[in-house]
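# Working through the structure, step by step
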Amino acid sequence: MNTHVLVVGAGPTGLMLANQLARRGVRAMIIDRHAGPSLQTRAIGVQARTMEIYSKLGLVDRALELGKDGSGANLWAEGRWMARVLLGEAGRDLTPFPFVLILGQDDNERIMGDKLRDWGLSIQWNTELVALDQQPGHVTATLEQPDGTTRKITAAWVAGCDGARSAVRDLTGIMFPGAPYEHVFFVADTVVTGKMVPDQINIYLWRNGFHLFFPFRGEDHWRIVGILPPALRDRKDVTFEDVIPSVRREAGELNFTACSWFSTYRIHHRSASRFRDRRCFLLGDAAHIHSPVGAQGMNTGLQDAYNLAWKLALVTEGRADAALLDSYEEERMPVARRLLNTTDRV
Ligand SMILES: Cc1cc2nc3c(=O)[nH]c(=O)nc-3n(C[C@H](O)[C@H](O)[C@H](O)COP(=O)(O)OP(=O)(O)OC[C@H]3O[C@@H](n4cnc5c(N)ncnc54)[C@H](O)[C@@H]3O)c2cc1C
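Keep in mind that this is a model prediction, so the values were computed, not measured. (Residues numbered from 1 in each chain as written. Predicted model: local features only at pLDDT ≥ 70, side-chain atom pairs only at ≥ 80, totals over all residues. Heavy atoms only, no water.)

## Quick notes on the overall build of the protein
From N to C terminus, the protein includes 8 helices and 18 strands. The burial tally for the protein puts 53% of its 346 residues in the buried class. Within the protein, residue pairs in contact and separated by at least 24 positions form 71% of the contacts whose partners lie at least 6 positions apart. By element, 50% of the accessible surface of the protein is carried by carbon and sulfur atoms, the whole surface being about 15,800 Å². (Helix = DSSP H or I, 4+ residues; strand = E, 2+ residues; numbered from the N terminus. Buried < 20%, exposed > 50% of the residue type's maximum accessible area, 1.4 Å probe, protein only. Contact = heavy atoms within 4.5 Å. Areas by Shrake-Rupley, 256 points an atom, 1.4 Å probe, with all protein chains shown as cover.)

Printed below as a string of structure tokens:
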């Protein structure tokens with residue numbers, strides 16, 4: 001056997017799984033088809049439960065150092081400040097981290113990647129899973145290597161942390177039912193001044209959508225996430241300049257001096273029909289995708305990984321029966337389904 005666990009994908013979910021396994025003494029093999037870490041700050045909100053998991057890995061201080069404490073959200077409507085929601089109040093007695101930490105996905109991945117190196121584990125980049133053959137005692141995985149050749153490796157278990165277009169999901173024939181949302185979202189990393197309450201989340205509500213302003217590290221650096229106005233929805237070539245008028249309409253006078261990243265995206269809401277096929281598991285976006293409202297996507301993947309890791313470690317060490325692994329789907333599928341329902345309603 002080449003490895004106990006083959007982790008497919010070095011996004012946040014795969015990095016968390018490999019770290020949690022290493023922490024419990026199980027060395028995984030972790031591969032990713034890309035050439036290196038993602039530079040995009042897709043997810044930005046780190047929830048309390050993720051911070052608790054980070055604290056077990058010794059990552060909390062670094063996360064707090066790099067992030068911003070989003071303890072309050074300001075609601076605006078028709079250009080007027082309406083209310084401040086204290087995000088920390090609800091969890092004050094429940095967690096040592098009663099806030100949403102504003103920390104980009106790239107920083108989260110860097111922190112977990114650094115920790116993986118501390119365990120002496122390196123990611124095999126430019127390595128793509130292209131085939132799987134499940135046997136009673138192991139899985140044979142075919143990997144395409146950087147030079148285009150393939151090699152076969154054997155693993156006791158395979159963890160599909162390979163995102164929304166998961167190869168593990170396709171190769172195991174697991175369905176991914178759901179549909180795209182009608183709305184098209186945009187995301188922009190900007191340098192901008194305006195009436196926003198500094199260092200806090202600002203939410204501008206309008207009849208057909210919202211614009212969210214998240215404070216980022218650096219002076220006047222804001223991440224804006226919003227819904228494209230209907231008139232722009234079907235255009236393929238939308239630029240940040242095109243959306244500025246609708247942002248200004250809700251957020252008032254804004255002085256933009258830079259936009260370092262702009263992207264539009266159509267989100268799907270889907271959940272895999274099963275999270276496991278014999279020796280292969282699905283985690284993170286490979287298992288469930290939903291609206292970014294509530295900033296839960298990355299967090300849910302990290303928590304999937306935390307749930308599966310200790311079970312895989314006990315089974316691998318022969319300290320628990322393989323039946324323990326059934327509880328992964330039993331516990332995580334209801335969380336994903338609930339999340340799909342609540343984010344759809346919002
Ligand atoms: C624009 C945008 C904004 C978002 N904003 C938020 C937010 O504010 N908050 C939030 O919580 N979430 C947000 N999300 C969602 C969040 O980014 C995802 O939930 C998160 O990235 C899921 O992590 P993952 O590790 O499961 O999958 P991914 O990040 O997709 O990682 C999968 C990895 O698997 C690799 N891979 C794929 N196929 C193979 C293969 N065959 N072999 C080897 N490697 C493979 C890929 O290269 C990739 O590195 C946003 C998403 C988008 C697109």
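## Side note on the domain arrangement of the protein
Domain annotation of the protein identifies domain 1 (3-67 + 103-176 + 272-345) and domain 2 (182-268). Averaged C-alpha coordinates put domain 1 and domain 2 at centres separated by 30 Å. Contact with domain 1, which involves 11 residues of that partner, is made by 11 residues of domain 2. When domain 1 packs against domain 2, the two sides together hide about 910 Å² of surface, and 63% of this comes from carbon and sulfur. Where domain 1 meets domain 2, there are 1 salt bridge. One salt bridge connects R217 with D107, and the closest N-O pair in it is separated by 3.0 Å. On inspection of domain 1 and its partner domain 2, the count reaches 3 residue pairs in polar contact (both at pLDDT 80 or more). For the side of domain 1 that touches domain 2, the class distribution of residues is 5 nonpolar, 4 polar and 2 charged. (Domains from an automatic or database assignment. Buried area = accessible area lost by both parts, 1.4 Å probe. Salt bridge = Lys/Arg side-chain N within 4 Å of Asp/Glu carboxyl O. Polar contact = N/O pair within 3.5 Å; in protein donor to acceptor, adjacent residues only side chain to side chain. Nonpolar A, V, L, I, M, F, W, Y, C, P; charged D, E, K, R; others polar.)

## Some words on the site of the ligand
Taken together, the neighbourhood of the ligand is formed by 28 residues, with T13, D32, R42, Q105 and D285 sitting nearest. Here H34 contributes a side-chain N or O atom positioned 3.0 Å from an oxygen atom of the ligand. Between an oxygen atom of the ligand and a side-chain N or O atom of R42, the distance comes to 2.8 Å. Compared with its free state, where it exposes 1,000 Å², the ligand has 88% of that area covered by protein. Breaking the shell around the ligand down by element, the ones donating at least two residues are α1 (12-23), β8 (128-134) and α7 (297-316). With 3 residues, the top contributor of residues to the shell around the ligand is α7. Here the shell around the ligand is composed, by residue class, of 11 nonpolar, 11 polar and 6 charged. (Near = heavy atom within 4 Å.)

## Points about the side chain of D107
Tracing the sequence through the fold places D107 in helix α4 (residues 105-118). Polar side-chain contacts of D107 include one of 3.0 Å to the side chain of R217. Sequence-distant contacts of D107, that is, excluding residues within four places in its chain, are made with L66 and R217.

## Thoughts on the sheet that holds strand β4 (residues 68-70)
Taken in spatial order, the 3 strands line up as β3-β7-β4 in an open sheet, and their pairing is antiparallel. At either margin of the open sheet sits one strand with a lone partner, and together these are β3 (45-46) and β4. In terms of strand pairing, β4 meets strand β7 (residues 100-102) through 3 bridges, oriented antiparallel. Looking at the pairing, D69 lines up with L101 of β7. (Pairing = 2+ DSSP bridges.)

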